[in-house]
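A structural walkthrough
So the chains spell out like this:
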Amino acid sequence: MKTYVTVKSIQRELSLLRHNSKTIAFVPTMGALHEGHISLIGLAKKHADTAVCSIFVNPSQFNNTEDLQKYPRTLDLDLALLKNASCDLVFTPAVEEIYPSGLMIKPELNLAHLDKVMEGHFRPGHFDGMLMVVKRLLDIVNPDFLIMGQKDFQQYSLVSMMIRQLSLPYQMIIGDTLREADGLAMSSRNRRLTPEFRIQSKIIYQALLFCQQSINSFSDLSQLGEKCIQLIDSKGLRTEYFNLVDGDSLLEVSDSTLSQKIVACVAAWAGDVRLIDNLIVKG
Ligand code: AMP
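The paragraphs below set out a description of the structure included in this document. The structure presented is a predicted model; accordingly, all values stated were derived computationally and were not measured. (Residues numbered from 1 in each chain as written. Predicted model: local features only at pLDDT ≥ 70, side-chain atom pairs only at ≥ 80, totals over all residues. Heavy atoms only, no water.)

1. A closer look at helix α1 (residues 7-19)
Here α1 contains 13 residues, and its C-alpha end-to-end distance of 18 Å stays within 8% of the 18 Å for a straight helix at 1.5 Å per residue. Where α1 is concerned, the buried positions are Val7, Ser9, Ile10, Glu13, Leu14 and Leu17. Those residues of α1 that are buried are in contact with β1 (2-4), β2 (24-29), β3 (50-55), β4 (89-91), α5 (95-98) and α7 (126-141). In the stretch just after α1, Ser21 is the one whose phi turns positive, near 60°. (Helix = DSSP H or I, 4+ residues; strand = E, 2+ residues; numbered from the N terminus. Expected span 1.5 Å × (residues − 1). Buried < 20%, exposed > 50% of the residue type's maximum accessible area, 1.4 Å probe, protein only. Contact = heavy atoms within 4.5 Å.)

If you want it as C-alpha coordinates, here you go:
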(Lines give C-alpha, C1' and ligand atoms only; values in the text may rest on other atoms or scores of the structure.)
Protein backbone atom coordinates (compact mmCIF):
# COMPACT_ATOMS: atom_id res chain seq x y z
CA MET A 1 0.00 0.00 0.00
CA LYS A 2 1.33 3.44 -0.93
CA THR A 3 0.36 6.70 0.74
CA TYR A 4 0.44 10.18 -0.77
CA VAL A 5 0.02 13.64 0.70
CA THR A 6 0.30 15.80 -2.41
CA VAL A 7 -1.98 16.05 -5.42
CA LYS A 8 1.00 15.88 -7.76
CA SER A 9 2.42 12.67 -6.30
CA ILE A 10 -0.85 10.69 -6.34
CA GLN A 11 -1.67 11.95 -9.83
CA ARG A 12 1.71 10.75 -11.09
CA GLU A 13 1.00 7.26 -9.72
CA LEU A 14 -2.58 7.25 -11.05
CA SER A 15 -1.51 8.25 -14.54
CA LEU A 16 1.02 5.38 -14.57
CA LEU A 17 -1.74 2.98 -13.57
CA ARG A 18 -4.07 4.32 -16.24
CA HIS A 19 -1.30 4.06 -18.80
CA ASN A 20 -1.16 0.35 -17.88
CA SER A 21 -4.94 0.09 -18.44
CA LYS A 22 -5.70 -0.42 -14.74
CA THR A 23 -9.17 0.53 -13.56
CA ILE A 24 -9.57 2.64 -10.43
CA ALA A 25 -12.24 2.63 -7.71
CA PHE A 26 -12.29 5.47 -5.23
CA VAL A 27 -13.58 5.54 -1.63
CA PRO A 28 -13.56 9.04 -0.08
CA THR A 29 -13.60 9.08 3.74
CA MET A 30 -12.94 11.37 6.68
CA GLY A 31 -10.91 8.71 8.49
CA ALA A 32 -11.54 7.20 11.94
CA LEU A 33 -12.19 4.11 9.89
CA HIS A 34 -14.29 1.13 10.94
CA GLU A 35 -15.50 -2.08 9.29
CA GLY A 36 -18.17 -0.15 7.37
CA HIS A 37 -15.52 1.87 5.54
CA ILE A 38 -13.43 -1.26 5.05
CA SER A 39 -16.40 -3.01 3.41
CA LEU A 40 -16.35 -0.20 0.81
CA ILE A 41 -12.67 -0.96 0.13
CA GLY A 42 -13.76 -4.58 -0.43
CA LEU A 43 -16.35 -3.34 -2.98
CA ALA A 44 -13.67 -1.21 -4.65
CA LYS A 45 -11.38 -4.23 -5.00
CA LYS A 46 -14.26 -6.25 -6.45
CA HIS A 47 -15.00 -3.69 -9.16
CA ALA A 48 -11.56 -2.38 -10.14
CA ASP A 49 -7.87 -3.26 -10.32
CA THR A 50 -6.90 -0.48 -7.93
CA ALA A 51 -8.60 0.70 -4.74
CA VAL A 52 -7.89 4.29 -3.75
CA CYS A 53 -9.01 5.67 -0.38
CA SER A 54 -8.79 9.30 0.69
CA ILE A 55 -8.72 10.40 4.30
CA PHE A 56 -9.57 14.06 4.63
CA VAL A 57 -11.56 15.75 7.39
CA ASN A 58 -13.16 18.41 5.23
CA PRO A 59 -13.54 21.65 7.22
CA SER A 60 -15.96 23.17 4.70
CA GLN A 61 -18.68 20.61 5.45
CA PHE A 62 -18.76 21.26 9.20
CA ASN A 63 -21.24 23.97 10.11
CA ASN A 64 -20.11 23.70 13.73
CA THR A 65 -16.44 24.27 14.63
CA GLU A 66 -16.74 22.24 17.83
CA ASP A 67 -17.95 19.25 15.80
CA LEU A 68 -14.94 19.66 13.50
CA GLN A 69 -12.52 19.83 16.43
CA LYS A 70 -14.11 16.82 18.10
CA TYR A 71 -14.07 14.70 14.93
CA PRO A 72 -11.89 11.66 15.77
CA ARG A 73 -8.53 11.43 14.03
CA THR A 74 -6.81 8.04 14.11
CA LEU A 75 -4.49 8.06 11.10
CA ASP A 76 -2.06 5.28 12.17
CA LEU A 77 -4.90 2.91 12.94
CA ASP A 78 -6.68 3.86 9.69
CA LEU A 79 -3.58 3.06 7.64
CA ALA A 80 -3.20 -0.31 9.39
CA LEU A 81 -6.85 -1.19 8.63
CA LEU A 82 -6.50 -0.12 4.99
CA LYS A 83 -3.31 -2.13 4.55
CA ASN A 84 -5.03 -5.17 6.03
CA ALA A 85 -7.89 -4.66 3.54
CA SER A 86 -5.37 -4.61 0.65
CA CYS A 87 -6.16 -1.02 -0.26
CA ASP A 88 -3.67 0.04 -2.94
CA LEU A 89 -3.33 3.82 -2.61
CA VAL A 90 -4.19 6.17 0.23
CA PHE A 91 -4.42 9.92 -0.17
CA THR A 92 -4.08 11.94 3.06
CA PRO A 93 -3.82 15.56 1.92
CA ALA A 94 -3.52 18.62 4.15
CA VAL A 95 -6.23 21.28 3.90
CA GLU A 96 -3.93 23.53 1.80
CA GLU A 97 -3.56 20.77 -0.76
CA ILE A 98 -7.31 20.50 -1.27
CA TYR A 99 -8.07 24.20 -1.00
CA PRO A 100 -4.87 25.93 -2.23
CA SER A 101 -4.78 29.60 -1.15
CA GLY A 102 -8.20 29.04 0.36
CA LEU A 103 -9.60 28.47 -3.11
CA MET A 104 -13.03 26.88 -2.91
CA ILE A 105 -14.91 26.23 -6.11
CA LYS A 106 -18.53 25.35 -5.61
CA PRO A 107 -20.03 23.31 -8.44
CA GLU A 108 -22.97 25.10 -10.08
CA LEU A 109 -25.88 22.71 -9.71
CA ASN A 110 -29.63 22.73 -9.62
CA LEU A 111 -30.28 20.52 -6.61
CA ALA A 112 -33.99 21.36 -6.30
CA HIS A 113 -34.74 20.62 -2.64
CA LEU A 114 -32.38 17.64 -2.30
CA ASP A 115 -29.96 19.74 -0.24
CA LYS A 116 -32.67 21.60 1.70
CA VAL A 117 -34.40 18.75 3.54
CA MET A 118 -33.21 16.61 6.47
CA GLU A 119 -29.42 16.98 6.84
CA GLY A 120 -29.55 20.05 4.59
CA HIS A 121 -32.10 21.67 6.88
CA PHE A 122 -30.37 20.85 10.17
CA ARG A 123 -26.77 21.32 8.98
CA PRO A 124 -26.87 24.45 6.78
CA GLY A 125 -23.93 24.61 4.37
CA HIS A 126 -22.97 20.99 5.02
CA PHE A 127 -23.83 19.74 1.54
CA ASP A 128 -22.18 22.72 -0.22
CA GLY A 129 -18.93 21.77 1.50
CA MET A 130 -19.44 18.05 0.88
CA LEU A 131 -20.12 18.51 -2.85
CA MET A 132 -17.18 20.88 -3.17
CA VAL A 133 -14.74 18.40 -1.65
CA VAL A 134 -16.13 15.37 -3.51
CA LYS A 135 -15.85 17.26 -6.82
CA ARG A 136 -12.29 18.34 -5.99
CA LEU A 137 -11.29 14.80 -5.00
CA LEU A 138 -12.91 13.36 -8.15
CA ASP A 139 -11.01 15.89 -10.28
CA ILE A 140 -7.78 14.72 -8.64
CA VAL A 141 -8.36 10.95 -8.67
CA ASN A 142 -10.47 10.69 -11.83
CA PRO A 143 -11.65 7.16 -10.97
CA ASP A 144 -13.73 4.70 -13.00
CA PHE A 145 -15.88 3.93 -9.95
CA LEU A 146 -16.93 6.05 -7.00
CA ILE A 147 -17.97 4.00 -3.97
CA MET A 148 -20.19 5.52 -1.26
CA GLY A 149 -22.32 4.13 1.54
CA GLN A 150 -26.09 3.87 1.93
CA LYS A 151 -25.42 5.03 5.52
CA ASP A 152 -25.27 8.61 4.17
CA PHE A 153 -28.18 8.19 1.81
CA GLN A 154 -28.85 11.89 1.23
CA GLN A 155 -25.15 12.46 0.52
CA TYR A 156 -25.26 9.60 -1.98
CA SER A 157 -28.35 11.11 -3.65
CA LEU A 158 -26.70 14.52 -3.98
CA VAL A 159 -23.44 13.15 -5.38
CA SER A 160 -25.44 11.05 -7.91
CA MET A 161 -27.31 14.20 -8.91
CA MET A 162 -24.02 16.12 -9.33
CA ILE A 163 -22.56 13.34 -11.47
CA ARG A 164 -25.67 13.26 -13.67
CA GLN A 165 -25.97 17.04 -14.01
CA LEU A 166 -22.30 17.62 -14.82
CA SER A 167 -22.15 14.45 -16.99
CA LEU A 168 -19.12 13.26 -15.02
CA PRO A 169 -17.72 9.96 -16.31
CA TYR A 170 -17.83 8.04 -13.02
CA GLN A 171 -19.93 5.02 -12.20
CA MET A 172 -21.36 5.20 -8.69
CA ILE A 173 -21.63 2.12 -6.52
CA ILE A 174 -23.55 2.08 -3.26
CA GLY A 175 -22.40 -0.06 -0.31
CA ASP A 176 -24.73 -1.51 2.34
CA THR A 177 -24.65 -0.10 5.86
CA LEU A 178 -22.60 -2.25 8.21
CA ARG A 179 -24.01 -2.52 11.72
CA GLU A 180 -22.85 -3.52 15.18
CA ALA A 181 -24.28 -6.77 16.59
CA ASP A 182 -27.18 -4.85 18.21
CA GLY A 183 -28.04 -3.05 14.96
CA LEU A 184 -26.45 0.34 15.59
CA ALA A 185 -25.01 1.58 12.29
CA MET A 186 -21.22 1.71 12.47
CA SER A 187 -20.03 5.30 12.62
CA SER A 188 -16.87 7.14 13.54
CA ARG A 189 -19.02 9.06 16.01
CA ASN A 190 -20.05 5.93 17.97
CA ARG A 191 -16.77 5.97 19.89
CA ARG A 192 -17.85 9.25 21.47
CA LEU A 193 -21.03 7.75 22.97
CA THR A 194 -21.18 7.29 26.72
CA PRO A 195 -21.58 3.60 27.73
CA GLU A 196 -25.24 4.26 28.59
CA PHE A 197 -26.05 6.04 25.32
CA ARG A 198 -24.14 3.35 23.41
CA ILE A 199 -26.65 0.79 24.74
CA GLN A 200 -29.72 3.00 24.26
CA SER A 201 -28.73 3.99 20.70
CA LYS A 202 -29.73 0.60 19.33
CA ILE A 203 -33.31 1.93 19.49
CA ILE A 204 -32.59 3.86 16.26
CA TYR A 205 -32.31 0.67 14.20
CA GLN A 206 -35.20 -0.91 16.12
CA ALA A 207 -37.38 2.07 15.19
CA LEU A 208 -36.31 1.78 11.54
CA LEU A 209 -37.21 -1.92 11.56
CA PHE A 210 -40.56 -1.15 13.22
CA CYS A 211 -41.17 1.40 10.49
CA GLN A 212 -40.37 -1.14 7.77
CA GLN A 213 -42.64 -3.75 9.33
CA SER A 214 -45.52 -1.34 9.95
CA ILE A 215 -45.55 0.65 6.72
CA ASN A 216 -48.67 -1.06 5.40
CA SER A 217 -50.59 -0.64 8.65
CA PHE A 218 -50.51 3.17 8.60
CA SER A 219 -52.63 5.06 6.07
CA ASP A 220 -50.95 8.30 7.18
CA LEU A 221 -47.18 7.86 7.19
CA SER A 222 -46.62 10.98 9.27
CA GLN A 223 -48.29 9.11 12.14
CA LEU A 224 -45.87 6.22 11.66
CA GLY A 225 -42.98 8.73 11.71
CA GLU A 226 -44.34 10.21 14.95
CA LYS A 227 -44.57 6.75 16.51
CA CYS A 228 -40.91 6.08 15.60
CA ILE A 229 -39.84 9.40 17.13
CA GLN A 230 -41.65 8.44 20.36
CA LEU A 231 -39.87 5.07 20.39
CA ILE A 232 -36.43 6.68 20.02
CA ASP A 233 -37.06 9.50 22.48
CA SER A 234 -38.40 7.04 25.09
CA LYS A 235 -34.79 5.81 25.45
CA GLY A 236 -33.44 9.25 26.30
CA LEU A 237 -32.30 10.17 22.80
CA ARG A 238 -33.59 13.31 21.10
CA THR A 239 -34.81 12.79 17.56
CA GLU A 240 -34.12 15.70 15.23
CA TYR A 241 -36.12 14.23 12.35
CA PHE A 242 -37.58 10.91 11.32
CA ASN A 243 -38.78 11.28 7.74
CA LEU A 244 -40.28 8.76 5.35
CA VAL A 245 -39.14 10.03 1.99
CA ASP A 246 -39.36 9.11 -1.66
CA GLY A 247 -36.11 7.36 -2.66
CA ASP A 248 -35.54 9.72 -5.61
CA SER A 249 -36.95 13.12 -4.66
CA LEU A 250 -36.28 12.83 -0.89
CA LEU A 251 -39.65 14.51 -0.36
CA GLU A 252 -41.82 13.19 2.45
CA VAL A 253 -44.41 10.62 1.43
CA SER A 254 -47.76 10.75 3.19
CA ASP A 255 -49.20 7.52 1.81
CA SER A 256 -47.15 4.39 1.04
CA THR A 257 -49.07 3.74 -2.20
CA LEU A 258 -47.80 7.04 -3.65
CA SER A 259 -44.17 6.00 -4.01
CA GLN A 260 -42.30 2.97 -5.42
CA LYS A 261 -39.33 3.35 -3.10
CA ILE A 262 -39.55 4.79 0.40
CA VAL A 263 -36.59 5.36 2.70
CA ALA A 264 -36.94 6.11 6.40
CA CYS A 265 -34.21 8.59 7.38
CA VAL A 266 -33.41 9.58 10.94
CA ALA A 267 -31.09 11.87 12.87
CA ALA A 268 -31.02 11.72 16.65
CA TRP A 269 -28.88 13.10 19.45
CA ALA A 270 -27.54 10.60 21.96
CA GLY A 271 -26.22 13.06 24.55
CA ASP A 272 -23.92 15.35 22.57
CA VAL A 273 -23.37 12.87 19.74
CA ARG A 274 -25.48 13.23 16.61
CA LEU A 275 -26.25 9.92 14.91
CA ILE A 276 -27.86 9.35 11.51
CA ASP A 277 -29.24 6.20 9.94
CA ASN A 278 -31.75 5.09 7.33
CA LEU A 279 -33.51 2.01 5.98
CA ILE A 280 -35.34 1.26 2.75
CA VAL A 281 -38.83 0.54 4.07
CA LYS A 282 -40.47 -0.01 0.68
CA GLY A 283 -39.11 -0.97 -2.72
P1 AMP B 1 -17.30 9.06 6.52
O2 AMP B 1 -15.82 9.02 6.54
O3 AMP B 1 -17.90 8.52 7.78
O4 AMP B 1 -17.86 10.35 6.07
O5 AMP B 1 -17.77 7.99 5.43
C6 AMP B 1 -17.06 7.65 4.29
C7 AMP B 1 -17.89 6.68 3.50
O8 AMP B 1 -18.18 5.52 4.28
C9 AMP B 1 -19.25 7.28 3.10
O10 AMP B 1 -19.56 6.88 1.77
C11 AMP B 1 -20.19 6.63 4.10
O12 AMP B 1 -21.52 6.51 3.62
C13 AMP B 1 -19.57 5.26 4.28
N14 AMP B 1 -19.95 4.66 5.57
C15 AMP B 1 -20.02 5.29 6.77
N16 AMP B 1 -20.50 4.44 7.70
C17 AMP B 1 -20.74 3.26 7.08
C18 AMP B 1 -21.26 1.99 7.50
N19 AMP B 1 -21.63 1.77 8.75
N20 AMP B 1 -21.37 0.99 6.58
C21 AMP B 1 -21.00 1.21 5.29
N22 AMP B 1 -20.52 2.38 4.83
C23 AMP B 1 -20.39 3.39 5.70
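2. Considerations on the site of the ligand
The immediate surroundings of the ligand are formed by 17 residues, with Met30, Gly149, Asp152, Leu178 and Met186 found nearest. Within the contact set of the ligand, an oxygen atom lies 2.8 Å away from a backbone nitrogen or oxygen of Met30. Contacts to the ligand include Gly149, whose backbone N or O atom sits 2.9 Å from an oxygen atom. Bound to the protein, the ligand loses 93% of the 480 Å² it would expose on its own. Those elements giving two or more residues to the shell around the ligand turn out to be β2, α2 (35-47) and β5 (145-149). Looking at the shell around the ligand element by element, the count peaks at three residues for α2. Here the shell around the ligand is built from residues that sort into seven nonpolar, seven polar and three charged. (Near = heavy atom within 4 Å. Polar contact = N/O pair within 3.5 Å; in protein donor to acceptor, adjacent residues only side chain to side chain. Areas by Shrake-Rupley, 256 points an atom, 1.4 Å probe, with all protein chains shown as cover. Nonpolar A, V, L, I, M, F, W, Y, C, P; charged D, E, K, R; others polar.)

3. What to know about the state of the cysteines
Within the structure shown, the criterion is met by zero disulfides. Unpaired in this structure, Cys228 has its nearest cysteine sulfur neighbour in Cys211, at a distance of 4.4 Å. Using a relative accessible area of 0% as the deciding quantity, one classes Cys228 as buried. (Disulfide = S-S within 2.5 Å.)

4. Considerations on the sheet that holds β5
Strand order in the open sheet made by the six strands is β1-β4-β3-β2-β5-β6, with parallel pairing throughout. One side of each edge strand has no neighbouring strand; the edge strands of this open sheet are β1 and β6 (171-175). Geometrically, the sheet is characterised by an average inter-axis angle of 25° between neighbouring strands, direction not taken into account. Across six bridges, β2 lies against β3 in parallel orientation. (Pairing = 2+ DSSP bridges. Axes fitted to C-alpha atoms, helices over the stretch in contact; angles between N-to-C directions.)

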